Amino acid sequence: MAGPYYVGNAGNDSPNDGLSPAELFLTMDKVNTLLAAGETVIVIGDSFSDDTNRLQLQVGARMEPQTFQGTTLTRAGSYTDYILEFDDLIANDTFAVLDGFIIDGENVCTGGIDARRNCDAEITVQNCSFFDIKGPVFKGGNRGGRLEFLNNKIRTSLATDNDSTLGLAYFGAGTALGEDDPQEIVFARNDIDSICTSTITRDQIYATIKSDTTDATSVDFNDNKIKITYSSSPTGSASVVEFVGSAATRVVGNDINLDVNTSPGSGSMDGIVVAGLDATRHANGSIIARNKVITNAQGGYGILVGITSTTDVHCDNGIVSGNYVKGVDTAGKSPHGIAVGKNFTGDITGNVVESSYAGYLFSEALAAEVTGNLAVNCSGPSFYAKGHLGAAGTLNIRGNVAVVDRGTNQRDMGILAINAQSGNTVSTDFIENIVIFDQADPGAYFLANGGYLASVATSQLLPNFERNVYYLPDTTDLTDDLFNFQGTKNTIVEWNANSEVTGDQIVLLPRAKIAEMVNYYKQQAAAASGVTGGGGGSLGLGL
């Protein structure tokens, strides 16, 4: 092995030999004619660009700046494509590393790093900073191997949305990831802050890692910090993080902040979306845990398992655990906290949702254990079963807590609610859940504003309500209609007289005690807002 080889804008391809800073080459083309697998390229100078084209680093090598502060890789002349490309010039290659660079797109370049021809290698991009890239920061290819994007910083501030993947890494465009061989993707400990001053005008994935693949592609998306800011109201649809693939996905410990203009618009903005690709390629065993999602988007989902709430999610044995989602109150829109879509199976445990419309939405889920979750001040139903495709006893909503102490907009649904979706029969268990409702006169409040403690929408539904407890101020009139069963308003006595209800009870307490209980669970929610540091699982929500 000869190297390391030195290259920089002050170099010369001839007669220099590239083996020292005094003899550095001028172009990566010259370096690549000599570079062997396992060797290192060291870039000299404050900035570096090829004179005519994108920079190329052949797989099998390592590229790093001479100084810790890093060298800025930039475009050359009028060139506006990707700044750097990993190429496949070396046979039987095994790895490539890009470490410590600054990659500046100058609001002109349509991409940062192109790794679509990686030849089954392990490619690592780490400790780099990306500025003002107008398109994908890192684009992967359809070959096998492992792609790692670690400890990088991404900053964009652009006047147009220009590309559907503005500001964040995007895997799999044109040819899909893992199309030829299985592939692993690790995206960890990155810091992304992206600002866009335009309106979303089309359906798009705004900032995403997406793996539409015909072979197994596993994704680990862990401990990243992401802030996406829109100064205009969204009119299309977008996701901050979206994974659609054919293997288990792990989305763990991320901190996501989605800030859009507070006027409603007509758009839908999601935080985390995970789903399988189709009927033969599933994302079974996916884990979404210990993430924090804060959003003021007035449509969409904080966390969604599925492409939409009514599309088959192709995800069995999924785990949604220990997440914190804080949304926004809105009268005319329906932003939801945590939702699982059609045919989902798995566990939803120990999560906290604040200030969404539906706190937890189960839309045609097949089988799920929903336990130990907390919903605080959702403006619609806190726990909402909307369709269920499984047998009786397979959608079990048990041991959860819903707290409401301010105005709601429930649209004539209960804090615990069950409804049909697409005309299907719904069989859902609501067992031993706790509802705390702090209004001086709940009956008058529901009459004026709509809503109930619990509701069953139509006669086609087959619910099972058992031993749920509703804590209300002792100023409540128990002869008021606080429930709705199949379109008929019910008192607590009438509610329990239905064959589908067993042992539900209202507990009246002094309002000061109700306020104390509310404050306790708000403190639980505040503590849960730091979930990215660890934890997960049941929150221990007993009284």
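Here the structure is a predicted model, which means the values were calculated and not measured.

1. Some thoughts on the side chain of Asn-468
Its location among the elements puts Asn-468 in the loop between strand S42 (464–466) and strand S43 (469–473). The class of Asn-468 is buried, set by a relative accessible area of 0%. A distance of 3.3 Å separates a polar side-chain atom of Asn-468 from the backbone nitrogen of Glu-432. Excluding anything up to four places from it in sequence, Asn-468 contacts Leu-416, Phe-430, Ile-431, Glu-432, Asn-433, Gly-503, Asp-504 and Gln-505.

2. Overview of the environment of Gly-276
Looking at where Gly-276 falls in the secondary structure, it is placed in strand S23 (residues 268–276). Overall, Gly-276 belongs to the buried group, its relative accessible area being 4%. C-alpha of Gly-276 to C-alpha of Ala-248: the two residues are 28 residues apart in sequence and 8.7 Å apart in space. Those residues in contact with Gly-276 that lie beyond four places of it in its chain are Val-244, Gly-245, Arg-281, His-282, Ala-283, Val-313 and His-314.

3. A short note on the pattern of salt bridges
Scanning the model with the defined rule gives 9 salt bridges in all. Across the salt bridge formed by Asp-220 and Arg-250, the nearest N and O atoms sit 2.9 Å from each other. Remark: Arg-250 occurs in strand S21 (residues 249–252) and Asp-220 occurs in strand S18 (residues 217–222); sequence separation between them is 30 residues. Classification of Arg-250 by relative accessible area gives partly exposed; the value is 34%.

4. Some remarks on the environment of Pro-4
Mapping Pro-4 onto the fold places it in the segment before strand S1 (5–7). Residue Pro-4 is classed as partly exposed on the basis of its relative accessible area, which comes to 32%. With 37 residues separating them in the primary sequence, Pro-4 and Val-41 have C-alpha atoms 5.7 Å apart. Contact partners of Pro-4, with chain neighbours within four places excluded, come to Gly-18, Leu-19, Thr-40 and Ile-42.

5. As for the environment of Gly-300
As for its placement among the helices and strands, Gly-300 is situated in strand S26 (residues 300–305). Along the primary structure Gly-300 and Met-269 are separated by 31 residues, whereas in three dimensions their C-alpha atoms are 4.9 Å apart. When neighbours within four sequence positions are excluded, Gly-300 is seen to be in contact with Ser-268, Met-269, Asp-270, Ser-334, Pro-335 and His-336.

6. Let's talk about the confidence of the model for the protein
Confidence in the prediction of the protein, expressed as mean pLDDT, is 79, and 73% of residues score 70 or more. Ranking the helices and strands of the protein by mean pLDDT puts S43 first, with 98, and strand S4 (residues 55–58) last, with 65. Here residues 532–538 is modelled with pLDDT under 50, and outside its nearest four sequence neighbours on either side it reaches 18 contacts, counting other chains as well.

7. Comments concerning the packing of aromatic side chains
Think of a pair of aromatic rings as described by two things: how far the centres are apart, and how the planes are tilted against each other in angle. As enumerated under the stated definition, the model contains 14 aromatic pairs in all. Between Tyr-360 and Phe-383, the ring centres sit 4.8 Å apart and the planes meet at 0 degrees, which makes this aromatic pair stacked. Here Tyr-360 is found in strand S32 (residues 360–365), whereas its partner Phe-383 is found in strand S35 (residues 383–388), with 23 residues between them in sequence. Taken individually, Tyr-360 and Phe-383 each receive the classification buried, so the pair is uniform in this respect. Centre to centre, the rings of Phe-430 and Phe-465 are 4.9 Å apart; their planes meet at 10 degrees, and the pair counts as stacked. Here Phe-465 lies in strand S42 and Phe-430 lies in strand S39 (residues 429–431), a separation of 35 residues in the sequence. The class of Phe-430 is buried, set by a relative accessible area of 0%. The rings of Phe-430, Phe-465, Tyr-470, Phe-483, Phe-485 and Trp-495 are connected pair by pair, giving a single aromatic cluster.

Criteria and thresholds
- Starting afresh in each chain, residues are numbered from 1 along the sequence in its written order.
- Totals for whole chains, interfaces and linings use all residues, but because this is a predicted model, local features are given only for residues with pLDDT of at least 70 and pairs of side-chain atoms are given and counted only at 80 or more.
- The side-chain figures draw on all heavy atoms in the structure; neither hydrogens nor water molecules are used.
- The helix and strand labels rest on DSSP assignments: H or I over at least four residues marks a helix, E over at least two residues marks a strand, and numbering proceeds from the N terminus.
- With a 1.4 Å probe rolled over the protein chains alone, any residue whose accessible area is under 20% of its type maximum counts as buried; one over 50% counts as exposed, and the rest are partly exposed.
- Residues adjacent in sequence count toward polar contacts only when both atoms are side-chain atoms; beyond that, a polar contact is any pair of N or O atoms within 3.5 Å, and within protein one must be able to donate a hydrogen and the other to accept it.
- Two residues form a contact once any of their heavy atoms are found within 4.5 Å.
- Throughout this description, the term salt bridge denotes a Lys or Arg side-chain nitrogen within 4 Å of a carboxyl oxygen of Asp or Glu.
- What pLDDT conveys is the predictor's confidence in a given residue, as a value from 0 to 100.
- Pairing of aromatic side chains requires ring centres within 6.5 Å, counting the rings of Phe and Tyr and the six-membered ring of Trp. Pairs whose planes differ by under 30 degrees are stacked, by over 60 edge-to-face, and all others tilted.

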